[in-house]
Amino acid sequence: MESLLKQELDSCLIKQAGHSGGGCISQGQSYDTDKGRVFVKINHKAEARRMFLGEMASLEAILQTETVAAPKPIKVIDQPGGGALLVMEHLDMKGMIRYSAKLGEQLADLHLHNLRIREKVTKDQGTIGKGSGQTDVQYMDKFGFHIVTCCGYLPLVNEWQEDWVTFYARQRIQRQLDMLEQSSGDREARELWSQLQLKIPDLFDGVEVVPALLHGDLWGGNVAETDAGPVIFDPASFYGHSEFELAIAGMFGGFSGSFYSAYHAKIPKSPGFERRQKLYQLFHYLNHWNHFGGGYRGSSLSIMRSLVK
């Protein structure tokens, strides 16, 4: 490992720093180099390069908004024996204690970033002497992402769509159910989905969905803080509905009331928010079902039953 990192990072010094971590998908280790401390994520799966390239692009996109802190990615490296590494800057992170409200504010700013670009572009186009094409920012008017990202180790379909309902139904829920069909062929899930997909448009009646850059997998294990403020990491980004971000946050806890209050002070709840949260949680339950097995079947079917009523 050390020799590979020395070569790929063009470093004379590579020494384990003692900071390690990881979850059910990847492991991690910090190293001291002659260019500073880095954190290296390690995954031995054949799909690791694709997964890490998506994470690197997600981190870069989040950092470009200058709204919320995230580790700066450095390089994706192939391992000779299979798998890949993702090298990023090392941040001295600890559990979220002091900055929950600030995280809520900054996450809202991340979600509002693309809308604010649209507002700026519209204003610039209405200014004499600065017509179309002369603005220095670009509004993203579609849903998706420019690269495959992975929520866990399973790839997301991020092909661009102009309509959010179409994107979410086809490229999030249908994709998960297609994978379940291949692995288990669950008849009840298939029948419930045939009913639910007809009802999804009604959940968005009167709601304008502006594409927002999302972290994509924002549960309590993917947020932390440094002495400077909150940090988010392990993203699976795409442009989607801002409400989607809060779904997994509400499933597994880890976020205080001050986080939600600060977030909704900037992005108030729209009518139908609670039912759409169930719809968005459905993706995560199905994704967990595909990752970890039938223990998540009951929760997935329960949500589908409640939404088709």
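The written sequence of each chain sets the order in which its residues are numbered from 1. Since the coordinates come from a predicted model, pLDDT governs what is reported: local features require at least 70, and pairs of side-chain atoms require 80 or more to be given and counted, while whole-chain, interface and lining totals use all residues. Just so you know, side-chain values use all the structure's heavy atoms and leave hydrogens and water out.

The name an unreviewed UniProt entry gives the protein chain is protein-ribulosamine 3-kinase, with Leptobrachium leishanense as the organism. UniProt positions are given in the numbering used here, feature names are shortened, and annotations may be inferred rather than shown by experiment. UniProt, in the comment section headed Sequence similarities (unreviewed entry), describes the protein chain in these words: "Belongs to the fructosamine kinase family."

## So, the overall build of the protein chain
Helix and strand definitions follow DSSP, with helices as H or I runs of at least four residues and strands as E runs of at least two, each counted in order from the N terminus. Assigned secondary structure in the protein chain consists of nine helices and 11 strands. C-alpha atoms define the radius of gyration in this analysis, and the globule rule sets the expected value at 2.2 Å times the number of residues to the power 0.38. Taken over the C-alpha trace, the protein chain has a radius of gyration of 20 Å; the compact-globule value for 309 residues is 19 Å, and the two agree within 12%. Expressed along its principal axes, the backbone C-alpha trace of the protein chain runs to roughly 60 × 60 × 35 Å. Between buried and exposed lies partly exposed: a residue is buried under 20% and exposed over 50% of the maximum accessible area for its type, with that area taken using a 1.4 Å probe on protein chains only. When each of the 309 residues of the protein chain is scored for burial, the buried share is 51%. Of all intrachain contacts in the protein chain linking residues separated by at least 6 positions in sequence, the fraction that spans at least 24 positions is 64%. Counting every atom, the protein chain has about 14600 Å² of accessible surface; 49% of that belongs to carbon and sulfur. His is not counted here, nor are the chain ends, while Lys and Arg score as positive and Asp and Glu score as negative. A single reference atom marks each charge: NZ on Lys, CZ on Arg, CG on Asp, CD on Glu. Distance from the positive charge centre (33 side chains) to the negative charge centre (36 side chains) of the protein chain: 3 Å. Contacts are assigned to residue pairs that have any heavy atoms within 4.5 Å of one another. Surface accessibility follows the Shrake-Rupley procedure with a 1.4 Å probe radius. Residue values consider only the protein chains on display as shielding.

## Topic: helix 9 (residues 297–308)
Owing to its 3.6 residues per turn, the α-helix brings residues three or four apart onto one side. With 12 residues, helix 9 should reach 16 Å at 1.5 Å per residue; the first-to-last C-alpha distance of 17 Å fits that figure. For helix 9, the set of buried residues is S300, L301, I303, M304, S306, L307 and V308. In this structure, the buried side of helix 9 is in contact with helix 5 (187–199) and helix 8 (273–292). Working rule for helices: expected span equals 1.5 Å times residues minus one.

## Focus: the packing of helix 6 (residues 245–252) against helix 7 (residues 257–266)
To obtain each axis, a line is fitted to C-alpha atoms, and for helices this fit is confined to the stretch in contact; angles are then taken between N-to-C directions over 0 to 180 degrees. One way to put it is that helix 6 packs onto helix 7 with a least axis distance of 13 Å and a crossing angle of 165 degrees. Between helix 6 and helix 7, the crossing angle belongs to the class labelled roughly antiparallel. For the pair helix 6 and helix 7, the sense of crossing is left-handed. Facing L246, A249 and G250 of helix 6, the residues of helix 7 in contact are F259, Y260, Y263 and H264. Throughout this entry, Asp, Glu, Lys and Arg are counted as charged residues, while Ala, Val, Leu, Ile, Met, Phe, Trp, Tyr, Cys and Pro are counted as nonpolar. The remaining residues, Gly among them, count as polar. Residue composition of the contact of helix 6 with helix 7, by class: five nonpolar, two polar and no charged. For classification, angles of less than 35 degrees are called roughly parallel, those exceeding 145 degrees roughly antiparallel, those between 65 and 115 degrees roughly perpendicular, and all remaining angles oblique. Put simply, a crossing is left-handed when the front helix is turned counterclockwise from the back one by less than a right angle, and right-handed when it is turned clockwise.

## Some details on the nonpolar core
Membership of the largest hydrophobic core comes to 66 residues, with the highest contact counts inside it found for W164, L196, F204, I232 and L279. Not counting residues up to four positions away in its chain, the partners in contact with L279 are Y168, I173, L196, I200, L203, F204 and L307. The nonpolar core is taken to be a set of buried Ala, Val, Leu, Ile, Met, Phe, Trp, Tyr and Cys residues, with the residues joined through side-chain atoms within 4.5 Å.

## Overview of the state of the cysteines
The criterion for a disulfide is a pair of cysteine sulfur atoms lying within 2.5 Å. Taken as a whole, this structure holds zero disulfides when the rule is applied. Free of any disulfide, C150 has its nearest neighbouring cysteine sulfur in C151, separated by 9.0 Å. By relative accessible area, C150 is classed as buried at 8%.

## Considering the packing of aromatic side chains
Aromatic rings from Phe, Tyr and Trp, taking only the six-membered ring of Trp, are treated as a pair when their centres fall within 6.5 Å; an angle between ring planes under 30 degrees marks them as stacked, one over 60 as edge-to-face, and anything in between as tilted. The full count for this structure, using the stated rule, is 17 aromatic pairs. Measuring from ring centre to ring centre gives 5.7 Å for F244 and F283, while their planes differ by 50 degrees; the resulting arrangement is tilted. You can see F244 sitting in the loop between strand 11 (238–240) and helix 6 and its partner F283 sitting in helix 8, a full 39 residues away along the chain. Judged by its relative accessible area of 1%, F283 is buried. Their ring planes at 45 degrees and their centres at 4.7 Å tell us that F255 and F259 sit as a pair that is tilted. When its relative accessible area of 1% is taken as the criterion, F259 is described as buried. Three or more aromatic residues joined by ring pairs make a cluster, and in this case those are F143, W164, F167, Y168, F204, F238, F244, Y280 and F283. One residue, R172, lies across the ring of F238, its end atom 4.3 Å from the ring centre. Placement of a charge over a ring requires the Lys NZ or Arg CZ to be within 6 Å of the ring centre, with the centre-to-atom vector within 35 degrees of the ring normal. Stacked on the ring of F204, the Lys or Arg R276 has its end atom at 5.9 Å from the ring centre.

## Some points on the pattern of salt bridges
In the sections that follow, a salt bridge refers to a side-chain nitrogen of Lys or Arg positioned within 4 Å of a carboxyl oxygen of Asp or Glu. Applying the stated criterion to the full structure yields 20 salt bridges. The closest approach of N and O atoms between D32 and R37, which form a salt bridge, is 2.7 Å. Under the relative-accessibility criterion, D32 is labelled partly exposed at 23%. The exposure class assigned to R37 is partly exposed, which follows from its relative accessible area of 33%. The salt bridge partner of K142 is D141, with a shortest N-O separation of 3.6 Å. For K142, a relative accessible area of 27% translates into the label partly exposed. Note on D141: relative accessible area 44%, which makes it partly exposed. In the salt-bridge network here, residues are joined through shared partners; they are K94, R98, E225 and D227.

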